[in-house]
Every structure is written in structure tokens, then in C-alpha cells.
Amino acid sequence: MTNSISSNSIDSDDDSTTAAVRDQYDTSPEDETIVVEPTSELESPENEKRGPGRPPKPKEVPPPPHNVSISYTLIMFSYSEMKKPKARRSGEPAIIKLSNDKPFDTLKAQILKCISEALKPKKLAYDDYKVTFTVARHQTSPLSLKKQSEFDHLLECVLKMKAPAAKILVEASKKPDPPTPKKKRRHDGGEQTSEDSDMSQGSNSDSDRKKKKKKKKDPSELPLNVELSAQMKLLQNRYTCNKPGCLSSGYCYILPDNNAHFTLSHRHLSVWAAALAAKPPITTIEKPPNHKEFDGLSSNLLSDTAPLIQCRLAERNNAQAAPSASNTPTINFNVPNDFFSFLRPATGPNPLLYAAPADHVSNTIDAPLLSVSARPGPDLPLADFCAAFELSQDIHAKLADNGYTGTRTIRYIIVSELKEMGFKNGEIAAMKDAVARWATRD
């Protein structure tokens, strides 16, 4: 009971206190509002987490920077360079620096200016070239640079770089026009010159130039061919064969002696027509020319030989009839001095080739192990020399006891000294073999 009474008294005290505060500030329970301020940034509505079904909040894209300098590196190739293999092409470099605020037309104008200075084309047009660009780490594959959208993409790529730069490749895709030949000026008594008339004609100059090109003549229209054709027709009309059963090609020369037919082929008619067309003619239409094609006819039926041939034949006959001394060939021979040495008498035998056997034996005993004509081998110590050429320990000991230290002293040993040192015949032969192999060894 005591606890309940105390609690009721406390509640009554609180209600009285609240009523007193309301009376003081003229407030009512309906006018009270509770304002809850966020205690941290995580409780703010702006930083409220979005669920998986809600769209992401759009990010604000910052505007592109202005007045940024961009470096364009140009590599230009002419039409002649593009015809070469790719590994052998040589381009003309250039550098253009422009702000990103400049329009696309300004960049195209600068590219055309560089093309004009480097390649010097006769006609300058942007469409005559294949223009592509690349941007390191952003646009690695070449992309065309012809449209405004492509230029915008170029700016978008380069502005992502700390040092904006792009590479532009210019390749000539159209064959240049050939140079126009200059005409010579002709002054004809106050009349207008050819150059002035061409300038006055304007656009018609190209068509007039094509019309004035020299046409190639037909070979059949050449004067000599025209004359040959006329003579061929005369011969064909004159020697047409109408005899039944004739096996000729249609043209025959009838011999006046026995009326036999001599067939005239196209070759015969060509030779005859050429002789008639010569200036002066060397035959007539009644007599065939004196030519090898007509060797089947007797000489009295042929015309005379051409004057030039007659002159050459006369000169040859005169040279054969009376040969002069000046025309006799002179032949000179150069003979060496010892060419006739085999005719000299033989001399006696060389006494040096024959020697007594005793002298030969004595010389062999006193001869050194290394022949005079042999070339010494490499310098080797005594131990290495004996090991290299498989000499026995007894030989090594005898040489060492007698003071021989290597090949510098062994090369001067003679056979008699080996005998004095107590070498056996087999050991002497082994020393000779070792020295011989050492001397010829590389």
C-alpha cells in the first residue's frame, strides 16, 4: 500500500508541474511537436542506402575543360611512297598544336597546310587523303578523321590524358595529275600567242590539248607500204593463172621457152614488188628479179643484178685475182728463251747425287734428331714431351740425368750422344719418332 501511494503522489506532482509550464508559455498539448535532429551523417536522408530494386543516383558529369593545348603529331605519305612495301615507306613528319576550343575545320586547314609544305601536291583536297588518328591507351586502333563525330571522339580521348596528344596518319589515296607540258610561244605578226589563246579559252584548254595529241599512223598508210601494195596488185593482176588443173596458188610465171608454169608464192610476189618499188627500180614487171627465190629459173630470164651487188662482186673478184703483199697476213710468235733447251748436249751426272755408303752411315750417326729442313714444334718441358709422345720412364730418367730439360735442348741431340748415354736401339728409334712427330705437329 505504501508503494502505490507514493507512486500516485509522484504522478500527480508531475502532472501539476507540466500544467504549470503550459500556463506559463500558453501552450497546449495539441501544439507540441517533437523535432528529432540526425546525430550522424549516416542517418541523413541524402546518405540513405538504396535498395537493390532502386535505380542508382545519377552522377553529375563535370564540364570539359577549356583552352587546353593539344599536340597533334602528323606523319604524311605521298602516293609514290604508298606504292612501296609498308616496311620501306618514308613519311614526312609535322607537329600541330591547337586548343580544344578550335573547331574541326581549323584542324583540317592546318593538316592541309602541312601537306602543301611537305608533299607539294599540284591539287590540294582533304578528300584525296586517308586521314586516321590514334590516342595512346585510349584509341589504339586507327580511326578515320573525316566527320565531326569522329573529331569529337578524338577530343574526348585526348582530354583524358595529363598531356593531351594524338597521332594523325595522312596517306595519299589518289594518283596525282601529271604535269601539264608547256607550249612554245609563237609570235605571228601581232597575232595572239598560243599561251594567251589558251588562257582566253579557259576550261576548253584541256579538251583542245587532248585533240591535238598526235595520232599513231597505221603501218599500211606509210609511203613505202603504199607503194609495195600497189606493185603487188599489179603483179597479181598480171600473173593470175586461169589454166584448169594448175596446182599453183593462183599466180604463175609462164616461161616463154616451153610455156611451163613457175608458181609465184606470196614470198615471190613480195620480193618482186620490192624490186619494182626501189628507187630506181632494179627489175621490170616482165622479168623477175635476180634473187635466190627465183633460182629455179634460168639466168637469161632474170633481170640484171642490182648495181650495188655488181660492185661488191667486182671488188671481190679483183681481190682474189691479184692479191697484194699488203693483204698477206703476218703472224708473229713469241718463243721463250729455254724453248730449245732440249736441243743442247746433255751434261755429266751430278756427283752430289752419288755418295759412298760409309759416308751416309757416318752422317746418319752424327746427324741431329731434328732434321735441318724440319720446322720445330712447340716448346714443351721434358715431362710433358715424354708424356705426349709416350716415351718410357727410363728414357725420361736418362735425359734428365744428362741435363736435358725440354724440347729446346732435345732438338740438338745427335744419335752418337744417345749411344753414349746408354740408349738402346729401340729407345733411339723411339726418340727419333717422338722428335719427328713433335716437329711436324701443329
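Structure first, text after, so check above.
If you're wondering where the values come from, they're calculated on a predicted model, not measured in any experiment.

Asker: Sorry if this is basic, but what is going on with the packing of aromatic side chains here?
Answerer: Think of a pair of aromatic rings as described by two things: how far the centres are apart, and how the planes are tilted against each other in angle. What the rule picks out here adds up to 7 aromatic pairs. Centre to centre, the rings of Y239 and Y253 are 5.7 Å apart; their planes meet at 55°, and the pair counts as tilted. Of the two residues, Y239 is situated in the loop between α7 (223-238) and β6 (252-254) and Y253 in strand β6; the sequence distance between them amounts to 14 residues. On the basis of relative accessibility, which here comes to 5%, the residue Y239 falls in the buried class. Ring geometry for F262 and F294: centres 6.2 Å apart, planes at 35°, overall tilted. Taken together, the positions of F262 in strand β7 (residues 261-263) and F294 in the loop between α8 (266-277) and α9 (307-321) put the pair 32 residues apart, joining distant regions of the chain. Each of the two residues, F262 as well as F294, counts as buried. Residue placement shows K108 over the ring face of Y126; its charged tip is 5.5 Å from the ring centre.

Asker: Can you help me understand unusual backbone geometry in this one?
Answerer: What is expected of a backbone is that most residues other than glycine have negative phi and most peptide bonds are trans. With a phi angle near 55°, K120 is a residue other than glycine that sits in the positive phi range. Topologically, K120 is positioned in the loop between α3 (104-118) and β3 (129-135). Residues other than glycine seldom take positive phi values, yet E390 does so here, at roughly 60°. Assignment of secondary structure puts E390 in the loop between α11 (382-388) and α12 (393-401).

Asker: Any chance you could explain the sheet that holds β3 here in plain terms?
Answerer: Sheets are built from strands paired through backbone hydrogen bonds, the pairs being either parallel or antiparallel. Reading across from one edge, β2-β1-β5-β3-β4 is the order of the 5 strands in this open sheet, with mixed pairing throughout. Among the strands making up the open sheet, the edge pair consists of β2 (92-99) and β4 (139-144). Between one strand axis and the next, the sheet turns by 25° as a mean value, whatever way the strands run. The strands touched by α3 within the sheet are β1 (69-77), β2, β3 and β5 (165-172), with β2 carrying the most contacts at an inclination of about 155°. Across the sheet, helix α4 (residues 148-158) touches β1, β3, β4 and β5, and the angle it forms with β3 is around 25°.

Asker: Whenever I open this one, the packing of α7 against α8 confuses me. Can you help?
Answerer: Packed helices, taken two at a time, are described by the angle between their axes plus the distance between the axes. Closest axis-to-axis distance for the α7/α8 pair is 8 Å, and the angle between their directions is 120°. For the element pair α7 / α8, the angle class is oblique. Judged by the sense of rotation from one axis to the other, the crossing of α7 with α8 is right-handed. Facing α7, whose interface residues are E227, L228, Q231, M232, L235 and Q236, α8 presents H266, L269, S270, W272, A273, A274, L276 and A277. Tallied by class, the residues present in the contact of α7 with α8 amount to 9 nonpolar, 4 polar and 1 charged.

Asker: Whenever I open this one, the layout of surface pockets confuses me. Can you help?
Answerer: Think of a ball as big as a water molecule: rolled over the atoms, this probe shows where empty space is left. For the largest pocket, the calculated volume is near 260 Å³. Around the largest pocket, the lining is made up of 15 residues, and of these P121, Y129, K174, K175 and P176 lie nearest the centre. When its residues are assigned to classes, the lining of the largest pocket shows 6 nonpolar, 2 polar and 7 charged.

Asker: Is there a simple way to explain the pattern of salt bridges in this structure?
Answerer: Between side chains of opposite charge, pairing is possible as soon as their charged atoms come close. Considering all chains together, one arrives at 7 salt bridges under this definition. Among the ionic pairs, K108 bridges to D105, the shortest N-O distance being 3.8 Å. With a gap of 3 residues between them, K108 and D105 both fall in helix α3, about one helical turn apart. Of the residues examined, K108 reaches a relative accessible area of 22% and is grouped as partly exposed. Exposure remark for D105: the relative accessible area of 54% places this residue in the exposed category. Note that K398 and E427 form a salt bridge whose closest N and O atoms lie 2.9 Å from each other. With K398 in helix α12 and E427 in helix α15 (residues 425-440), this residue pair connects regions lying 29 residues apart in the sequence. A residue is classified by how much of its surface remains accessible, and E427, at 12% relative accessible area, is buried.

Asker: In this structure, what is going on with the environment of Y79? I would like to understand it.
Answerer: On the secondary structure map, Y79 appears in helix α2 (residues 79-82). Note: C-alpha distance between Y79 and P121 (42 residues apart in sequence) is 9.9 Å. Ignoring anything within four residues of it in the chain, the contact list for Y79 reads A172, S173, K174, K175 and P176.

Reading the values: rules and limits
Residues numbered from 1 in each chain as written. Predicted model: local features only at pLDDT ≥ 70, side-chain atom pairs only at ≥ 80, totals over all residues. Heavy atoms only, no water. Phe/Tyr/Trp six-rings, centres within 6.5 Å; stacked < 30°, edge-to-face > 60°. Helix = DSSP H or I, 4+ residues; strand = E, 2+ residues; numbered from the N terminus. Buried < 20%, exposed > 50% of the residue type's maximum accessible area, 1.4 Å probe, protein only. Lys NZ or Arg CZ within 6 Å of the ring centre and 35° of its normal. Pairing = 2+ DSSP bridges. Axes fitted to C-alpha atoms, helices over the stretch in contact; angles between N-to-C directions. Contact = heavy atoms within 4.5 Å. Parallel < 35°, antiparallel > 145°, perpendicular 65-115°, else oblique. Left-handed = near helix turned anticlockwise from the far one by under 90°. Nonpolar A, V, L, I, M, F, W, Y, C, P; charged D, E, K, R; others polar. 1 Å grid on protein atoms, 1.4 Å probe; cavity = no way out; pocket = protein on both sides within 12 Å on 5 of 7 lines; lining within 4 Å. Points joined across faces, edges and corners; volume = space filled by probe spheres on them. Salt bridge = Lys/Arg side-chain N within 4 Å of Asp/Glu carboxyl O.

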